[in-house]
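# Analysis of the macromolecular model
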Amino acid sequence: MTAIAPGVAEPALAAPAPRTDGVWRTMVRSKSGLAGLVLVVLITGMSYLAPLFVDDHNPVDAQNRWQGPSGEHWLGTDHSGKDVLKQVVLGGQTIIYVGFLAAVITLGVAVVLGSLAAYYRGRLDSALLQLTDIVMTVPAVVLLAVVGAFFGLTTPTTLALLLGLITWPVLMRSIRAQVLSLKEREFVEAARLQDLGNMRIIFVEIVPNMAGYILINFIIAVTNAMYALVGLYVLGLAPLAGANWGIMIHQAWTYGAIYLPEGRAFILAPVCAIALFQLGLVMLTRSLEEIFNPRLSKG
Amino acid sequence: MTGEPLLSLKHVSQTFASKRGDLPAVRDVTLSVARGDVLCLVGESGCGKTTTARMAAGLAKPTAGTVEFEGADINRMDRERHRAYRKAVQFIHQDPYASLNPIRTVFATLSAPLRRHGLAKNRDEAWEQASDLLRRVELTPPANYLAKYPHQLSGGQRQRVAVARALALNPRLIIADEATSMLDVSIRVGVLRMLTRLREELDVGFVFITHDLAIARYFGAGGRIAVMYLGEVVEYGATADVIDDPRHPYTRALLSAVPDVDPGPEGRRDPGLRGVDIPSLTALPSGCTFHPRCPLFVPGTCDTAAPALRAVPGAGQEVACHVVAGKAGDPDAVGQPAGSGA
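As the structure is a prediction and not an experimental result, all values here were calculated from the model.

## Focus: the overall build of chain B
Helix and strand counts for chain B come out as 13 helices and 12 strands. Here the C-alpha coordinates of chain B stretch approximately 70 × 50 × 40 Å along the principal axes. Of the contacts formed within chain B by residues at least 6 apart in sequence, a portion of 63% connects residues at least 24 apart.

Here's what the structure looks like:
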């Protein structure tokens, strides 16, 4: 049938083009995706690299409260005379860190529980579904307020942990639905026929098939966690120590920046930073969708 | 060809529950395969051949009867024996586009069972053995294929990879469910020839499911054939006997429906069926399920008692037919109540 003679030895044919190459090209081809990537990289880079170059000393200056933008203070000053630009540049770290960490936790819990529930069904499935019902019904803000009052949400890591542990159920259900359909595919049956072991079948054969879906949901989870965190700061449920975008909005609100024309920069700067970062993430998912679903880009 | 049966189905039935009532997909089928044996299951779609194969492969539990591997019921085995059964009996799916994991390379697909069952200790060994497997299914040079993903392969190549995967655990029996029906005709022959060669070289038994009698004749040469109709085996015997001298009226009709390249004056006989519609599984005809279509229909006998498989006088095969197995035309034999049936 094949014309290739068995004896003809060919040098190990060019290994399939490194996949990263194709990924990069797809990423760059979609303009909005590229713009998203640039935004995300720029803002993350700014937040994490700025402390190396910018002096984080931002003194209170009672003489210069509520200054408008000027040569000295590009974005003006806040209610206590601190430079706004410095606060914006330095205030992203916590938000981004908590956003990503919370998303990792959410996703980890959702993927593991969702695929186990779908694969094994039965009692485990119904128990886990009931658990999602419970977690979804508890109002997150109230829970956070209570936990905050009792334990103190002192570190960003605890905040991330808490956010992660209350946001997984929705994602868990959609992962479960995906696994329910994937596990009926013949390649899963083939793996079962070879007795490959359930854990291997779930996490090596099935879950990687959802890689694109998981990654896109990861990014959406990051945006959600960031908004949730900023919301906590604005509501004053998280400790208002230091300066970050959430705390800035909180202070702008409580000190009435919204009523002062000079204070507009103070309230708009963190809002813009957050909005741009979120926009970047969402646009990034566009390219990622194309990468993981080639039919979208060629259609 | 003969010997201790490796895998035997004993009076297995499978009934699916549906909204319109129970669907008896397979009824009281008894078959067995010995090592190196070939058994072809043929029949039109919906006759239960795939369900039978799935029960034999342990993918579905029979609702009645037992599937036995080396004499032990596979659904009641301890872990150790079940593992041995899994290794010994492999399955090839019909659709090579669905049966290979799209995100795993050929090497990953082939090395997983090798590593899992300790046939390969490390990656190099697995690579070596996977290469051997690919050579065996004529995908050479193997290095060209090992790093490829299923979507980079043609249908025939994928099916060969699926065969290689089935061979990975040195099985003693391979159940192939319409393994060639999704392939182009030109490629089908190559795959069939390869499977035949494997059968001879490796002494692997085959349960080969097909709707194509020409393929059954080619692949099942020297083996046996079971013709199924509406969930039952209606004719069972050596391939040569069944194909060259079919006795059951259904088998005859099936064979006469095979298009002939050069139809002679007798090339296309009219099978003389009384009806062309296949009865629904939810409302099976009484007695012999073939009687509404059967040209040999004897009123009063065929529509009351279900026939059991019985040896036909003067022929090698067994047939489930009152008229044929009961010496055609002998009213006494015809009138005998036949077996238990469904």
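## Side note on the domain arrangement of chain B
Residue and element names in this part refer to chain B. According to the domain assignment, chain B consists of domain 1 (5-102 + 167-229) and domain 2 (255-335). Placing a centre on the C-alpha atoms of domain 1 and another on those of domain 2 gives a separation of 25 Å. Contact with domain 1, which involves nine residues of that partner, is made by seven residues of domain 2. Of all elements in the fold, only strand 2 (21-34) and helix 9 (213-219) reach the threshold of two or more residues within the side of domain 1 that touches domain 2. Per element, the largest residue contribution to the side of domain 1 that touches domain 2 is four residues, and it comes from strand 2. Within the side of domain 1 that touches domain 2, the residues separate by chemical class into six nonpolar, two polar and one charged.

## Here we look at the sheet that holds strand 1 (residues 5-18) of chain B
All names here are of chain B. Strand order across the open sheet formed by four strands is 2-1-4-5, with antiparallel pairing between neighbours. At either margin of the open sheet sits one strand with a lone partner, and together these are strand 2 and strand 5 (72-73). As paired elements, strand 1 and strand 4 (residues 64-69) share five bridges and run antiparallel to each other. Directly across from S13, in strand 4, lies its bridge partner A64. Packed onto the sheet, helix 1 (residues 49-56) meets strand 1, strand 2 and strand 4 and runs at close to 120° relative to strand 1.

## Looking at the nonpolar core
Counting 168 residues, the largest nonpolar core has L163, A225 and L229 of chain A together with I175, V207, V227 and V233 of chain B as its most contacted members. The greatest single-element share of this core, amounting to 13 residues, is contributed by helix 4 (residues 93-120) of chain A. Contact partners of L163 of chain A, with chain neighbours within four places excluded, come to V98, A102, A225, A228 and L229 of chain A.

## Structural notes on the sheet that holds strand 11 (residues 310-311) of chain B
Residues and elements named next belong to chain B. In space, the eight strands of this open sheet follow the order 6-7-8-3-9-10-12-11, with mixed pairing throughout. Across the chains shown, the open sheet's two edge strands, defined by having one partner strand only, are strand 6 (89-92) and strand 11. Pairing of strand 6 with strand 7 (residues 173-177), which is carried by four bridges, proceeds in the parallel orientation. When the bridges of strand 7 are listed, V89 appears paired with L173. On top of the sheet, helix 7 (residues 155-167) reaches strand 6 and strand 7; it is set at about 170° to strand 6, its chief contact.

## Describing the UniProt feature "domain: ABC transporter" (unreviewed entry) in chain B
According to UniProt, the "domain: ABC transporter" (unreviewed entry) feature falls on residues 7-255 of chain B. What you have in residues 7-255 of chain B is 41% helix and 27% strand, and the ends, taken at the C-alpha atoms, are 28 Å apart.

## Remarks on the interface of chain B and chain A
The interface of chain B with chain A comprises 27 residues on the first partner and 23 residues on the second. Secondary structure elements with two or more residues in the side of chain B that touches chain A: helix 2 (79-88), strand 6, helix 3 (96-99), helix 4 (106-116), helix 6 (143-146) and helix 8 (185-202) of chain B. Examining the composition of the side of chain B that touches chain A, we find that three residues originate from one element, helix 4 of chain B, more than from any other.

Rules of the game
Residues numbered from 1 in each chain as written. Chains lettered and ligands numbered in written order. Predicted model: local features only at pLDDT ≥ 70, side-chain atom pairs only at ≥ 80, totals over all residues. Helix = DSSP H or I, 4+ residues; strand = E, 2+ residues; numbered from the N terminus. Contact = placed C-beta atoms within 7 Å. Domains from an automatic or database assignment. Nonpolar A, V, L, I, M, F, W, Y, C, P; charged D, E, K, R; others polar. Pairing = 2+ DSSP bridges. Axes fitted to C-alpha atoms, helices over the stretch in contact; angles between N-to-C directions. Core = buried A, V, L, I, M, F, W, Y, C linked by C-beta atoms within 7 Å. Buried ≥ 20, exposed ≤ 12 C-beta atoms within 10 Å, placed from the backbone. UniProt positions renumbered as here; feature names shortened; annotations may be inferred.

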